[in-house]
Amino acid sequence: MQLTKDQVVCLPVLQSTVNSKAQPGTSGKADFTTVETTTGQGEETSMRTVSFGSAPTVTPDVPLSGATSSQYQPTESGQELKKEQKDSLGRKTNLDFQQYVFINQMCYHLALPWYSKYFPYLVLIHTIILIVSSNFWFKYPKTCSKIEHFVSILGKCFESPWTTKALSETACEDSEENKQRLTGAQSLPKYVSTSSDEGSPSASTPMITKSGFKFSADKPMIEVPSVTILDKKDGEQAKALFEKVRKFRAHVEDSDLIYKLYVGQTVIKTVKFIFILCYTANFVNTISFEHICNPKVEHLIGYTQFECTHNMAYMLKKLLISYISLICVYGFICLYTLFWLFRIPLKEYSFEKVREESSFSDIPDVKNDFAFLLHMVDQYDQLYSKRFGVFLSEVSENKLREISLNHEWTFEKLRQHVSRNAQDKQELHLFMLSGVPDAVFDLTDLDVLKLELIPEAKIPAKISQMTNLQELHLYHCPAKVEQTAFSFLRDHLRCLHVKFTDVAEIPAWVYLLKNLRELYLIGNLNSENNKMIGLESLRELRHLKILHVKSNLTKIPPNITDVAPHLTKLVIHNDGTKLVVLNSLKKMTNVAELELQNCELERIPHAIFSLSNLQELDLKSNSIRTIEEIISFQHLKRLTCLKLWHNKIVNIPSSITHIKNLESLYLSNNKLESLPAAVFSLQKLRCLDVSYNSIALIPVEIGLLQNLQHFHITGNKVDVLPNQLFKCVKLRTLSLGQNCITSIPDKVSQLVQLTHLELKGNCLDRLPATLGQCQLLRKSGLVVEDHLFDALPSEVKEVLNQDTSIPFANGI
């Protein structure tokens, strides 16, 4: 409202009184008379009149009285008139009202300085600019969401019950270890380093157990239950907060947009402050109450110069001084902000003080926008960032997980999950948990422990209670162990299975288990990573007997030969990747069992012929077409088992007869069409498997295999069984299924040790009644169609249905 009334009032500057007296008769001279009238109340008023010639006029400045006569009073003597004019209060002008309005507007624009006219609007513009520059970073789309999210997470972290618990434990630890921390601040790192010996351990578990029990024992107060054990809802909320903080950090820490925007706006505000202060200080003196105006409109007004007054001058001057004061305060804040911005690197934030004051020594330092936001919070209250740091600590998160895990997985619940495996051993399999429950290590009679997809698994010293534990499975579980736990595993563990995606998942302590007998490695070990596998550490496994590698190797890692002197079994299962380099096999002179499965081998590797102690060779699922090199096996005097199944072999060379000690020959799932007589010259042969080929005839020479106990020819084209087959009286297993056999000779009764007979899938119309004379054969071992079994005589069925489990077991 004040701005709308801003105006100037101007009066003309008249000619000197001397000039006006020197020309009394000129036409421009005005006669002044004063008329005194009395109002109806008896008050006297004066009326000034200006007469030009004989026509009197009333000036706008003269007040009129409606109660007085319009007639002039008769003039007195000239002496009295001069005295009255001399005593007049003002100079008379000859301007009317419209001319005054006109000249006021002209002089408002011409005589008044621009700063006096536009100062309020400048203040408004400056204020808007400062407001925008102060809040643009908070409203900018790419920053406001981050800031709002940060404030939301910060509030939740501050109020989380888990924060209270973590800081309470820290306070408890401080009260117990205050002296040690004051004398040497390295006590905590030192403890971590000792427990992390051998490169695998974690200090978090003992710290949680220790501080938890001490806290509950020393502080039996009302808040202890809520601090010691979180309820399920609070625990889930804390877990969600950890995940939110982790994702927010990954999202915000990648850029420094908020920092740059804040620096930019602060610089703009500072420059704006300096600019406003400079020009405002210069113009503050231009605001004046009186101004001289020369409008150059003498042809309209009759005067050349006017003297004007600005009615808001004094108020604007005071407002300007107040505005400068406020701007100075604002500017000093901007200058301090600039000093704060560049005094320390705000794109880096260290939790060193928090680490020193708490047990969370792993709180990471942050950078970029995340660090800047935390610095901003510190300007408000440093307690916020301290509480926020709890949710950046992996130790804190692991503590939360362990508390929730131990609360959920009690000893009774774990006992229900213990089962008996195929080896009649007590086994516990834990899958996709956040950690290993403490109650697991109270199962002292456990033989096998399987941990699968537990990325934060930690094995504490309590594992030393599990005296029966000899087998451990770690499937995608890079477990960490404490020193005491490692010592126990090093001395007692016999079998270890490690399944991994990357070789880095194999714990370093695995290669230091000196009493380990069996090691199974299942994962990606391609040729690019062979040098990174770290198998050179296998030399510490001085008692390793069995090494099983299931991977995608293109060559056998040469470092496997470090365990060659004591390795007795080597198994390599490839995923179809061609294994081309096998020279390192020559150094494994003590290997008794060798398996090279699914390695895309096309021939039998020559390096195998150097393994003089080899007893069993398995080349399953390769691409072998010919086995002419089999003659070289004659130098392997101890070779008793040869498995060439699931290949593409089309014939068996007669040189196989030179492997005189061969007891088991597996040639199933090949492309054989016949069996050469040389096979039946292997007098020590006990097991012959030629299933799923294209064999149409069983040679009569099969009767020469007097030691044959297991004969499998399922899935071929055999239609007739030679009588010589039944001279193999030691046969226990005879698989003849899925052939074209039309009848079974009665001489089957000669197989008195037969326990398993497979006949299903043939063209039989009946079974011989002499089956009842096979003393060890029972219905469970007879694989045949139901209608054929039902067609047997009742006495034969009665014999086959007898329960003679003990002789049957002895026969097996």
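As the structure is a prediction and not an experimental result, all values here were calculated from the model.

1. Section: the overall build of the chain
A count of helices and strands for the chain gives 22 helices and 27 strands. Out of the 812 residues belonging to the chain, those deemed buried represent 46%. Within the chain, contacts between residues at least 6 apart in sequence are counted, and of these 53% link residues at least 24 apart.

2. Here's the deal with the side chain of His566
For His566, the location among the structural elements is in the loop between strand S17 (546-551) and strand S18 (569-574). Separated by 3.1 Å, the side chain of His566 and the backbone oxygen of Leu544 make a polar contact. With near-sequence residues (within four places) excluded, His566 lies in contact with Leu541, Arg542, Leu544 and Lys545.

3. Structural notes on the side chain of His473
Residue placement: His473 occurs in strand S13 (residues 471-475). There is a polar contact of 3.0 Å between the side chain of His473 and the side chain of Tyr475. Dropping the residues within four chain positions of it, His473 is found in contact with Val448, Leu449, Lys450, Leu451 and His497.

4. Things to note about the packing of helix H13 (residues 313-343) against helix H15 (residues 368-380)
Their axes nearest at 12 Å, the elements H13 and H15 cross at an angle of 130°. By the angle between their directions, the pair H13 and H15 is classed as oblique. The handedness of the crossing between H13 and H15 is right-handed. Contacts between H13 and H15 involve Tyr336, Trp340 and Leu341 on the former and, on the latter, Phe372, His375, Met376 and Gln379. A breakdown of the residues in the contact of H13 with H15 according to their chemical character gives 5 nonpolar, 2 polar and no charged.

5. Focus: the packing of aromatic side chains
Under the counting rule described, the total for this entry stands at 10 aromatic pairs. Measuring from ring centre to ring centre gives 5.0 Å for Phe275 and Tyr279, while their planes differ by 45°; the resulting arrangement is tilted. Taken together, the positions of Phe275 and Tyr279, both in helix H11 (residues 257-283) and 4 residues apart, correspond to about one turn of that helix. On the accessibility criterion, Tyr279 (12% relative accessible area) is buried. Summarising the aromatic geometry, the rings of Trp340 and Phe372 are spaced 6.4 Å apart at their centres and angled 40° between planes, so their arrangement reads as tilted. Of the two residues, Trp340 is situated in helix H13 and Phe372 in helix H15; the sequence distance between them amounts to 32 residues.

6. Re the pattern of salt bridges
By the definition in use, this model includes 14 salt bridges. Where Lys458 meets Glu456, a salt bridge forms, and the shortest distance between an N and an O atom there is 3.8 Å.

7. Points about a nonpolar patch on the surface
On the surface, Trp114, Tyr118 and Tyr121 cluster together into a nonpolar patch covering about 340 Å² of accessible area. With respect to the helices and strands, the residue Trp114 is situated in helix H4 (residues 114-139). Relative accessible area serves as the criterion here: at 41%, Trp114 is assigned to the partly exposed category.

8. Focus: the environment of Glu352
Inspection of the secondary structure puts Glu352 in helix H14 (residues 352-357). Separated by 12 residues in the primary sequence, Glu352 and Pro364 have C-alpha atoms spaced 8.9 Å apart.

9. Topic: the sheet that holds strand S1 (residues 8-12)
If you trace the 3 strands from one edge of the open sheet to the other, you get S1-S6-S5, paired in antiparallel fashion. What marks the edges here is a single partner per strand, and that holds for S1 and strand S5 (290-293). Put simply, the sheet's adjacent strands are angled 25° from each other on average, direction ignored. Judged from the 4 bridges that link them, S5 and strand S6 (residues 306-310) form a sheet pairing that is antiparallel. Bridging from a neighbouring strand, Ile292 pairs with Glu307 of S6.

10. Observations concerning the pairing of S18
Burial analysis of S18 places 5 of its 6 residues in the buried class, which makes it a mostly covered element. Pairing of S17 with S18 involves 6 bridges; the strand directions are parallel. From the neighbouring strand, His548 faces S18, where its bridge partner is Val571. The pairing of S18 with strand S19 (residues 593-597) spans 5 bridges and is parallel. Counterpart to Ile572 in the pairing with S19 is Leu596.

Conventions adopted
- Residues numbered from 1 in each chain as written.
- Predicted model: local features only at pLDDT ≥ 70, side-chain atom pairs only at ≥ 80, totals over all residues.
- Heavy atoms only, no water.
- Helix = DSSP H or I, 4+ residues; strand = E, 2+ residues; numbered from the N terminus.
- Buried < 20%, exposed > 50% of the residue type's maximum accessible area, 1.4 Å probe, protein only.
- Contact = heavy atoms within 4.5 Å.
- Polar contact = N/O pair within 3.5 Å; in protein donor to acceptor, adjacent residues only side chain to side chain.
- Axes fitted to C-alpha atoms, helices over the stretch in contact; angles between N-to-C directions.
- Parallel < 35°, antiparallel > 145°, perpendicular 65-115°, else oblique.
- Left-handed = near helix turned anticlockwise from the far one by under 90°.
- Nonpolar A, V, L, I, M, F, W, Y, C, P; charged D, E, K, R; others polar.
- Phe/Tyr/Trp six-rings, centres within 6.5 Å; stacked < 30°, edge-to-face > 60°.
- Salt bridge = Lys/Arg side-chain N within 4 Å of Asp/Glu carboxyl O.
- Patch = residues over 30% accessible without salt bridge, like charges linked within 9 Å, V, L, I, M, F, W, Y side chains within 5 Å.
- Areas by Shrake-Rupley, 256 points an atom, 1.4 Å probe, with all protein chains shown as cover.
- Pairing = 2+ DSSP bridges.

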